[in-house]
Structure formats: C-alpha cells, structure tokens
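# Inside the fold
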Amino acid sequence: MDYSFKGAWWMRNRHVQTILPRFFRPFQKVPVYFEELTTPDGDFLELAWAKNKKPSAPIAIILHGLEGNINSFYAKGMLNALSKKGFNAVLMHFRNCSRAPNKLARAYHSGETSDLSFLIKTLKQRYADSPLYAVGFSLGGNVLAKYLGEQRHTCKLSGAAVISAPYHLSSSCQVIRSSCYGLYQKYLLDRMKKSFSRKLPTIQSVLPLDKVTLNNFNDLWQFDNQITAPLHGFDNAEDYYHQASAQPYLKHIQTPTLLIHAKDDPMLSVQAIPHEAQVSSAVTLAVSERGGHVGFISGVNPFKPFFWLEQAVPHYFTTLANMDKKI
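Anyway, here's the lowdown on the structure attached to this text. (Residues numbered from 1 in each chain as written. Predicted model: local features only at pLDDT ≥ 70, side-chain atom pairs only at ≥ 80, totals over all residues. Heavy atoms only, no water.)

### Some words on the pattern of salt bridges
Inspection of every chain in the model, using the stated rule, returns 13 salt bridges. For the salt bridge of Lys186 with Asp190, the shortest nitrogen-to-oxygen distance reads 2.7 Å. Here Lys186 and its partner Asp190 are both found in helix α6 (residues 183-197), four residues apart, which amounts to about one turn of the helix. For Lys186, a relative accessible area of 52% gives the class exposed. Here the salt bridges do not stand alone but share partners, grouping Asp41, Asp43, Arg95, Arg106, Glu112 and Asp115 into one network. (Salt bridge = Lys/Arg side-chain N within 4 Å of Asp/Glu carboxyl O. Helix = DSSP H or I, 4+ residues; strand = E, 2+ residues; numbered from the N terminus. Buried < 20%, exposed > 50% of the residue type's maximum accessible area, 1.4 Å probe, protein only.)

If you want it as structure tokens, here you go:
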C-alpha cells in the first residue's frame, strides 16, 4: 500500500480536517467490555477491549490523545477497524481519563511510558503466542514513539503506528496557544480542568491547588508549568517539554514503525514534523501536505467521508503480521 495521503477536495482546510471528523459519526457505537488492571504502585489502568476476542489473534493496543477516551471518534473508529481485520483490539485509558478518576495524585503526561510498558509486559505474559502491535494518536503517539526509542531492540511490540504526535512539545505548545484564535487551547484546557476537578482532594495532598485556581487557568503553558510539571517531578513546563518530547528517541527505534504526520497540522509546530535524518531505518515516514490533526479524511463524496487512517494502520499491521508468518 502507498502510505501517501491525499485529502478530500471538499476538506482542504486544515481546521476543517481537524474539527469536522468528530461530527461525522455522532451515533457510532463500539461494543467493548472494560477491565481494570492494577498497576505496581497501587493505582489502576482501565482497558476497553473490543468484544468477540479471537484466541491467539494478534493484539493491537490503542493509545488516545490528550484527555481522550473510548468515546473519542478516532479511538472508536480504529478499535472497530482493527477488530474487523482480525486483531484483538484494546484501548488503554491513561490515568484519570477512564470512567472513574485514578487513585493517586499523579495522572499522565506526554512522556510517561511506564504504564504502557507495564501493559505490554502484562499482555505478553497473558498471551505469549499473540504478537503485539500499538497505535498512538497525538499525545498517545508521543508516548508510544518515546517508548519505542527507549526500548530499542528489547521492545516487545511487533509493529507500531504513530499519528499526529507532538514530537517537539515546547514549540507545539506555543502553536496550540494561538492556533484558530485559541479554540484548541480552550477545548483542551476545559477538558483538563474538568478531569482534574474530579480528584482535586487527592491532588491537594501534594500540590497547593484549589478549585478557583484550577478553573481560572486559561493558558496551556501555565497549566503545565504549575500543575503537570510539579505533579510529575519536573522543574517547570520547559523541563517537562524537554524531557518528554519523543523527537530525540526516533533515531533509536528498532521496531517497524509507521509515522503518519500532516505538514498542515494546526496543533503542532513545524519543528514537530519528522524528517528522514531524525528517524532510524525501522521507521516508515508518511508525511503528507494536508491532513490536519488526527483528521486524514479523503473521499469524493462529502456525505460519505473516507477515514484513511482506518485503512492505512490495519493494512500496515496486517502486512507485518503476514511477513512474520513467512519467516
């Protein structure tokens, strides 16, 4: 398959590609069952498994974006697409993105890979004969790319796909602050404030944060500087962005990986666009001129949009699985 994306003629605007797809499937349902996986530190990860699991089938892990969950349009679509292609698909909710708030003060962030590592080890122990694959969107893509680079040749995944990841966090934060008249920043902050308010008493055990202060945040950098960074052991926002960015890890990836990225992404900076010189030989770059942020809608009929990601990622994983069978 040619992994070059060609957008729909009726969705050439990058903001339209980013915003409109979430409204195409308002009634889409995903039959899942939930599992709570206890973490080594006494917290939990909520997993959403697609029903109709198949014995010994390959397993595909899905990682959502910032404040995403099983109801995110891209997560539901990919869960269905991978399941239909014969994969046992499971979405991992990052801490505090599940139906109930997580137990500890800490939550998740763009460079937190220990929970993903724990999940992969757990699945490998449970299903030793099933190859594992993973696809990450946006923040989840940065987490996945960083994990792949950290693990290098010891990675237990047979393949990965990373979509619209903010590989360079500092500059991408600045883009979000101003892009589309601040619409993206407000959307994300509103969700983050709602999410953190669920566990405010727990957070107050480690940070001096009250409800009024939390609700008054109107700047993403400020939120990361005063909450995300200190809550997770970083000096400040820039220290967090520097340590959590996946860009330096791309050249260390040893697992077959497809990086999908759009140059017109309105939520990411130019510095976040991956280049050949930055990645290892195990990486396949699929950088398109258009596509928006986790959009990538094609098709000639506006009433029948084609979700290109849901064809490209399952095809890539299936190709890798078939290659493994021949070896």
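### Focus: the pairing of strand β6 (residues 159-163)
In terms of burial, β6 is largely enclosed, as five of its five residues are buried. In β6, alternate side chains face the same way, and those of Gly159, Ala161 and Ile163 on one face and Ala160 and Val162 on the other are all buried. Across five bridges, the pairing between strand β5 (residues 132-137) and β6 is parallel. Bridging across to β6, Phe137 finds its partner in Ile163. Chirality of the crossover, the property in question, places the unit of β5, helix α4 (residues 139-151) and β6 among those that are right-handed. One ladder, built from four bridges, connects β6 with strand β7 (residues 257-262); its direction is parallel. Residue pairing across strands places Val162 opposite Leu259, the latter belonging to β7. (Pairing = 2+ DSSP bridges. Right-handed = clockwise from strand over helix to strand, strands pointing away.)

### Section: the packing of aromatic side chains
Per the counting criterion, the structure on display carries 18 aromatic pairs. Measuring from ring centre to ring centre gives 5.2 Å for Phe5 and Phe296, while their planes differ by 80°; the resulting arrangement is edge-to-face. You can see Phe5 sitting in the segment before α1 (14-19) and its partner Phe296 sitting in the loop between β8 (283-288) and β9 (297-298), a full 291 residues away along the chain. Classification of Phe5 by relative accessible area gives buried; the value is 9%. Take Phe296: its relative accessible area is 0%, and that puts it in the buried class. Through a chain of ring-to-ring contacts, the aromatic side chains of Tyr3, Phe87, Tyr133, Tyr316 and Phe317 assemble into a single cluster. Taking NZ or CZ as reference, Arg25 lies 3.7 Å from the ring centre of Phe307, over its face. (Phe/Tyr/Trp six-rings, centres within 6.5 Å; stacked < 30°, edge-to-face > 60°. Lys NZ or Arg CZ within 6 Å of the ring centre and 35° of its normal.)

### Overview of the layout of surface pockets
When its volume is computed, the largest pocket comes out at roughly 890 Å³. When residues of the lining of the largest pocket are traced back to their parent elements, those giving at least two are α1, α2 (73-84), α5 (169-178), α6, α9 (220-231) and α10 (237-244). Here the element with the most residues in the lining of the largest pocket is α6; it accounts for seven residues. Taken together, the residues that form the lining of the largest pocket break down as 25 nonpolar, 13 polar and six charged. (1 Å grid on protein atoms, 1.4 Å probe; cavity = no way out; pocket = protein on both sides within 12 Å on 5 of 7 lines; lining within 4 Å. Points joined across faces, edges and corners; volume = space filled by probe spheres on them. Nonpolar A, V, L, I, M, F, W, Y, C, P; charged D, E, K, R; others polar.)

### Remarks on the sheet that holds strand β3 (residues 59-63)
By way of backbone hydrogen bonds, the strands of a sheet pair with one another, either parallel or antiparallel. The eight strands are arranged β1-β2-β4-β3-β5-β6-β7-β8 in an open sheet whose pairing can be described as mixed. The outermost strands of the open sheet, each flanked by one partner alone, are β1 (32-38) and β8. On average, each strand axis in the sheet is inclined to that of its neighbour by 20°, with strand direction left out of account. Here helix α3 (residues 114-126) sits on the sheet and contacts β1, β2 (44-50), β3, β4 (88-92) and β5; the angle it forms with β1, its principal contact strand, is near 105°. α4 rests against β3, β5, β6 and β7 of the sheet, and its axis sits at about 135° to β5. (Axes fitted to C-alpha atoms, helices over the stretch in contact; angles between N-to-C directions. Contact = heavy atoms within 4.5 Å.)

### Considerations on the nonpolar core
Grouped together as the largest cluster of nonpolar side chains are 63 residues, with contacts concentrated most on Leu144, Leu157 and Ile227. Leave out the neighbours within four places in its chain, and Leu157 touches Ile120, Leu132, Tyr133, Ala134, Leu144, Tyr147, Leu148 and Thr255. By size, the runner-up hydrophobic cluster in this structure holds 42 residues, among which are Ala48, Tyr74, Phe137 and Val313. (Core = buried A, V, L, I, M, F, W, Y, C linked by side-chain atoms within 4.5 Å.)

### With respect to α3
The terminal C-alpha atoms of α3 lie 18 Å apart, and with 13 residues this matches the ideal 18 Å at 1.5 Å per residue to within 8%. Among all positions of α3, only Asp115, Leu116, Ser117, Leu119, Ile120, Thr122 and Leu123 are buried. Buried residues along α3 sit against β1, β2, β3, β4, β5 and α4. (Expected span 1.5 Å × (residues − 1).)

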